[in-house]
Amino acid sequence: MPDPVRLPYSQLDQLPDRDPEETSEWRDSLDAVTKAAGPHRAAYLMRRALEHTARTEGTALPSLLETDYVNTIPTSAEPAFPGDEAMEARITAWNRWNAAAMVTRGSALGLGGHIATFASAAWLYETGFQHFFRGKEGDGSGDQLYIQGHASPGVYARAFLEGRLTADHLDRFRQETGGEGLPSYPHPRRLPWLWEFPTVSMGLGPLSAIYQARFNRYLEHRGIKDTANSHVWAFLGDGEMDEPESTAALALAGREGLDNLTFVINCNLQRLDGPVRPNFKIVQELEAQFRAAGWNVVKSLWGRAWDEIFALDTDGALIRRLGETPDAQFQTYATRDAAYLREHFFGANESLQALAAGLSDAKLLELFQTSRAGHEPRKVYAAYKAAVEHQGAPTVILAQTVKGYTLGAGFESRNANHQMKKLTMAEFRTMRDVLELPIPDSALEGDQVPYWRPADDSPEMVYLRERRAALDGPAPARKVVAKPLPMPADKAFDALKKGSGSQEIATTMAFVRLIKDLMRDKETGKRWVPIVPDEARTFGMESLFPTAGLYSPKGATYDPVDRDQLLWYKEAKNGQILNEGITEAGSLADFTAAATSYATHGEPMIPFYIFYSMFGWQRTADQFWALADQLGRGFVIGATAGRTTMTGEGLQHADGHSHLIASTNPAALSYDPAFAYEVAVIVKEGLRRMYGPEAEDVFYYLTVYNETKVQPAMPEGVEEGILKGLYRFNEGTRPEADSPQLQLLASGTAIHWALEAQQLLAADWGVAADVWSAPSWTELRRDALECDAARLDGDDRIPYVTRALAGAPGPVIAVSDWMRAVPDQIAPWVEQDWTSIGTDGFGLSDTREAARRHFGVDPQSVVVQALAALARRGEVKPEAVKEAKERYGL
Ligand SMILES: Cc1ncc(C[n+]2csc(CCOP(=O)(O)OP(=O)(O)O)c2C)c(N)n1
Ligand SMILES: [Mg+2]
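Worth saying up front: this structure is predicted, and the values here are computed from it rather than measured.

S.K.: So what exactly am I meant to see when it comes to the coordination of the magnesium ion (ligand 2) here?
M.R.: Expected angles at a metal are 109.5 degrees for tetrahedral coordination by four donors and either 90 or 180 degrees for octahedral coordination by six donors. For the magnesium ion (ligand 2), the full set of protein donor atoms is Asp238 (OD), Asn268 (OD1) and Gln270 (O), at a range of 2.0 to 2.2 Å. In the primary sequence, the donor residues of the magnesium ion (ligand 2) line up as D-x29-N-x1-Q. Linking Asp238 in the loop between β2 (232–237) and α9 (244–248) with Gln270 in the loop between β3 (261–267) and α11 (282–292), this pair joins segments that are 32 residues apart in sequence. The burial state of Asp238 is the same as that of Gln270; both residues are buried.

Shown next, in the form of structure tokens:
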């Protein structure tokens, strides 16, 4: 059977042809046009017909996904340019110069940097700085700028002109260890007064920008802050668009009509190694993708030099040729002479040959080498204005540029230019001439190229300052206005500290109950931002639906299926819960926006993002890294944690390692609480450390389990131990005065295996074991590392873990539902004999008991390991291990 989808559309159309004669008349007239005036004319008429029909009321036609390879806004439709173009050209030229100079000067030390990216994008940034980007001195929020990482030298150069940085700073580009250095890329953690958003791990910027724009709406709809004036600008490379994260949330932005968001994609057609789409057209591909996702697309491709030849293109031959030329060919054209252009581009047909015959060689070179819309402030301004004024959809500007523009023939359009880190003095002299900078030859004779800045009272500097003042001060800028949150009342925490009586509850449930209570707090309740990627029911959070509501900018435009039930799925415009659907990356982007709202908007929010622990750190560790760079604060909850605790889900669900990944992130404080009261103590301390008067730039990672257990009441005096990561939960009793003794350390749900092993050891082997809860192996290790470092400086601090265990008799056995490397983190500072057991290897699906036996972490296996440790010390007889194995069937 032939593939039915390949049939002509006329045969697939579900609407019957009511008048085949009329249909064929239409077809015939199109044929006639094609014959008489060519296919381009026929296509033109079709487009006009589509447009006309779409405008007729009641006719829904799909819009075209691709337009011609020309500017969306023709010169005739450009708005008046409100700036002084010559003045701005001089300022841009300084920035180009200083950016290239700072990288070149640093390259002498072998430090590296990038020149070609900013060179191609200079006007894209400058037009924003002069006319659009709002600083924070107005409403405290301003615009949010996601700057392309490799363009940062240009942003530093501008900050230098503005007087925010000195020449000394520029000379400390990429030399951060001595203080006052400038980080290679936008890193808020390294330069927190300037950078707001880390972008250089490509793909994360665009994803974050979309969720930032959405979070701005959330803050507004929830009545927390009016963010209507904030615009999110994301500057991206065309190569960067290949990262899956770059396009992952386009549909969300389109669906929610985020007209407070603009993507500016610098389409220089090159990435690091070579062309982005050698045989294809990246601009056209992106146009179709963005349009399909509901975005407003503005293509800014050609400079004004092209206008006069477009006017000569009466039969559309030029537009067709532009449309069929692959990107890598354009790159080549930009480096060839006029004869090559006449032969290869215009030689394609007579029409084009005739067109080129009327053009000078100089004109041809101008067209192909430099005339790009992204190099012309009027065209960039027109695109930006269209973007900020467009309503109901986000805008993407596809700006065509030449990579390395103004850096001379050695750079422009060259495949290797991304990694070229310096200009020779001769190249600087040429650049000076091209940019018409008043730098005397004498200044370009030494071996170091100088920075250059006009006098403070020069018209350029006055203009620059006036423009920034009109736009609410400098940008990018990060500002933290201290606004500590009051601590919620103890009641909510106390409920957990009392224990669950005879009721069995999982730590996940305990956590959810706690948060539910905290969300009722009068002062801070509304600041909680619950985030969950479609697993709320799994974690028992559906009880939050009707009370907190699920955020939806449209509210609910339908009659909910479960409206008559208690726990109905209540969507609301002011809903508090962000349920993103199945996207951990999107949820973490949400979290990042909420976790940094204290700085971005001066409004501290308390996000908690709860996920299947396996799909958090493992999938999105790099985003957690960016979150830490961005100084985010909040609670991250890995639920259904542990390799063996979730029954039956198996290899790809069974997380036995996220704590190890989390331990690699210096801003993440990781905890694996065993009991509900530990959760309460940790969350309370988290609120104090992240939202109190001396707020720290950290976030918390807690793992919670779905195994129901009786939760004990909190013993006296254990709070410090919980927070530091270790405390003795109970002591074993020695049946005889000389019974062997040992220490069982456990975290998370493994505490219950240790407690059972404690009983077996006493009953079956006459061994007394103390049981310790270790809520944070990672924090214990960090403390120990700090102590080691302090010791080198003569400060004899003893690690907490060593002190806590000091004098505890017998060997130490550590057990958890994580791989051994997690508890092994503390082994060097434990003076006793050390054994760890854990769940190394791939998970599998089975009952909890069977899985634990398989990994050798169930209570009986703990007993065997304990006996082995004692046997090694001669404290039990050597045969005890074998006997125990037989007795327990291991
Ligand atoms: C996730 C990630 N992978 C790789 C890189 C290394 N890298 C930096 S820039 C670059 C090429 C960028 O090309 P494009 O996005 O087109 O930017 P352009 O400089 O051309 O504007 C690469 C591969 C990175 N920074 N991040
Ligand atoms: Mg590129």
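S.K.: What exactly am I supposed to notice about the layout of surface pockets here?
M.R.: To find the voids left in a structure, one rolls a probe of water-molecule size over its atoms. Approximately 1,100 Å³ is the volume attributed to the largest pocket. When contributions to the lining of the largest pocket are tallied by element, the ones reaching two or more residues are α1 (9–12), α2 (20–37) and α3 (39–55). Here the lining of the largest pocket gets six residues from one element, more than from any other, and that element is α2. The class makeup of the residues in the lining of the largest pocket is eleven nonpolar, four polar and six charged.

S.K.: How should I be thinking about the packing of aromatic side chains in this particular structure?
M.R.: By convention here, two paired aromatic rings are described through the distance between centres and the angle between planes. On inspection of all chains with the given rule, the structure shows 51 aromatic pairs. Summarising the aromatic geometry, the rings of Phe290 and Trp295 are spaced 4.9 Å apart at their centres and angled 80° between planes, so their arrangement reads as edge-to-face. Of the residues examined, Trp295 reaches a relative accessible area of 5% and is grouped as buried. Three or more aromatic residues link up through ring pairs in this structure, and these residues are Tyr69, Trp302, Trp306, Phe310, Phe330, Tyr333, Tyr340, Phe345, Phe346 and Phe368. The side chain of Arg321 reaches across the aromatic face of Phe345, ending 5.5 Å from its centre.

S.K.: Hey, could you run me through the nonpolar core in this one?
M.R.: One broad trend across soluble globular proteins is that nonpolar side chains are buried collectively. With 82 residues, the main nonpolar core has Phe635, Val683 and Leu744 as its most contacted residues. Sorting elements by how many residues they give to this core places helix α28 (residues 676–691) first, with ten residues. What Phe635 contacts, discounting residues up to four positions off in sequence, is Trp528, Phe591, Ile606, Pro607, Phe608, Tyr609, Val683, Gly686, Leu687, Met690 and Tyr700.

S.K.: Which parts of the structure should I look at to understand helix α4 (residues 85–107)?
M.R.: An α-helical turn contains 3.6 residues, so any two residues separated by three or four positions project in the same direction. The first and last C-alpha atoms of α4 sit 33 Å apart over 23 residues, in line with the 33 Å expected at 1.5 Å per residue. In terms of residue burial, α4 counts as a mostly covered element, since 19 of its 23 residues are buried. Put simply, Asp84 is the residue that caps the front of α4, since its side-chain oxygen is 3.2 Å from the backbone nitrogen of Ala86.

S.K.: How do you make sense of the site of ligand 1 when you look at a structure like this?
M.R.: Thr117, Gln148, Asp238, Gly239 and Lys403 are the nearest of the 18 residues found near ligand 1. Interatomic distance of 2.8 Å between a backbone N/O atom of Gly239 and an oxygen atom of ligand 1. Between an oxygen atom of ligand 1 and a side-chain N or O atom of Asn268, the distance comes to 3.0 Å. Taken together, the residues of the shell around ligand 1 break down into three nonpolar, ten polar and five charged.

S.K.: Got a minute to help me understand unusual backbone geometry in this structure?
M.R.: One can expect most non-glycine residues to show negative phi and most peptide bonds to be in trans. Cis rather than trans, the peptide bond between Ala475 and Pro476 has omega equal to -5°. Here Pro476 lies in the loop between α20 (459–470) and α21 (491–497). Even without glycine at this site, Asp534 takes up a positive phi of about 55°. Locating Asp534 in the fold gives a position in the loop between β7 (528–532) and α23 (544–548). In this structure Asp534 comes out as partly exposed when scored by relative accessible area, which is 43%. Backbone geometry places Leu631, a non-glycine residue, at a positive phi of 65°. Note that Leu631 resides in the loop between α26 (617–629) and β12 (635–639).

S.K.: Hey, could you run me through the packing of helix α8 (residues 204–221) against helix α24 (residues 584–595) in this one?
M.R.: For any two helices packed against each other, one specifies the inter-axial angle together with the distance between the axes. With their axes 8 Å apart at the nearest point, α8 and α24 run at an angle of 55° to one another. Of the possible angle classes, the one that applies to α8 and α24 is oblique. By crossing handedness, the relation of α8 to α24 is classed as right-handed. Residue-level contacts link Leu207, Ser208, Tyr211, Gln212, Arg214 and Phe215 of α8 to Ala585, Gly586, Ala589, Asp590, Ala593 and Ala594 of α24.

S.K.: Would you explain the pattern of salt bridges in this entry?
M.R.: If the charged atoms of two oppositely charged side chains come close together, the side chains can form a pair. Counting across every chain of the model gives 52 salt bridges. Across the salt bridge formed by Asp3 and Arg6, the nearest N and O atoms sit 3.9 Å from each other. Between Glu78 and Lys379 there is a salt bridge, with the nearest N and O atoms lying 2.4 Å from each other. With Glu78 in the loop between α3 and α4 and Lys379 in helix α18 (residues 377–389), this residue pair connects regions lying 301 residues apart in the sequence. Judged by its relative accessible area of 19%, Glu78 is buried. In the salt-bridge network here, residues are joined through shared partners; they are Glu85, Arg304, Glu376 and Arg378.

S.K.: Which parts of the structure should I look at to understand the pairing of strand β11 (residues 606–612)?
M.R.: For a regular strand, side chains alternate in direction, first toward one face of the sheet and then toward the other. Most of β11 is tucked away, with seven of its seven residues classed as buried. Relative to β11, β7 is paired through four bridges, and the arrangement is parallel. Within the sheet, the bridge partner assigned to Ile531 lies in β11 and is Tyr609. Crossover β11 to β12 through α26 is right-handed.

S.K.: So what exactly am I meant to see when it comes to the sheet that holds strand β20 (residues 834–837) here?
M.R.: In a beta sheet, neighbouring strands pair by backbone hydrogen bonds and run either parallel or antiparallel. Read across the open sheet, the five strands follow the order β16-β18-β17-β19-β20; overall the sheet is mixed. Each end of this open sheet is capped by a strand with a single partner; those strands are β16 (727–730) and β20. In this sheet, adjacent strand axes meet at a mean angle of 30° when their direction is disregarded. Examined bridge by bridge, strand β19 (residues 812–815) and β20 share four bridges and lie parallel to one another. Residue pairing for β20: Val812 is matched across the bridge by Trp834.

Cut-offs used in this document
- Residues numbered from 1 in each chain as written.
- Chains lettered and ligands numbered in written order.
- Predicted model: local features only at pLDDT ≥ 70, side-chain atom pairs only at ≥ 80, totals over all residues.
- Heavy atoms only, no water.
- Donors = N, O, S within 2.8 Å, 3.2 Å for Na, K, Ca; no water.
- Helix = DSSP H or I, 4+ residues; strand = E, 2+ residues; numbered from the N terminus.
- Buried < 20%, exposed > 50% of the residue type's maximum accessible area, 1.4 Å probe, protein only.
- 1 Å grid on protein atoms, 1.4 Å probe; cavity = no way out; pocket = protein on both sides within 12 Å on 5 of 7 lines; lining within 4 Å.
- Points joined across faces, edges and corners; volume = space filled by probe spheres on them.
- Nonpolar A, V, L, I, M, F, W, Y, C, P; charged D, E, K, R; others polar.
- Phe/Tyr/Trp six-rings, centres within 6.5 Å; stacked < 30°, edge-to-face > 60°.
- Lys NZ or Arg CZ within 6 Å of the ring centre and 35° of its normal.
- Core = buried A, V, L, I, M, F, W, Y, C linked by side-chain atoms within 4.5 Å.
- Contact = heavy atoms within 4.5 Å.
- Expected span 1.5 Å × (residues − 1).
- Polar contact = N/O pair within 3.5 Å; in protein donor to acceptor, adjacent residues only side chain to side chain.
- Near = heavy atom within 4 Å.
- Axes fitted to C-alpha atoms, helices over the stretch in contact; angles between N-to-C directions.
- Parallel < 35°, antiparallel > 145°, perpendicular 65-115°, else oblique.
- Left-handed = near helix turned anticlockwise from the far one by under 90°.
- Salt bridge = Lys/Arg side-chain N within 4 Å of Asp/Glu carboxyl O.
- Pairing = 2+ DSSP bridges.
- Right-handed = clockwise from strand over helix to strand, strands pointing away.

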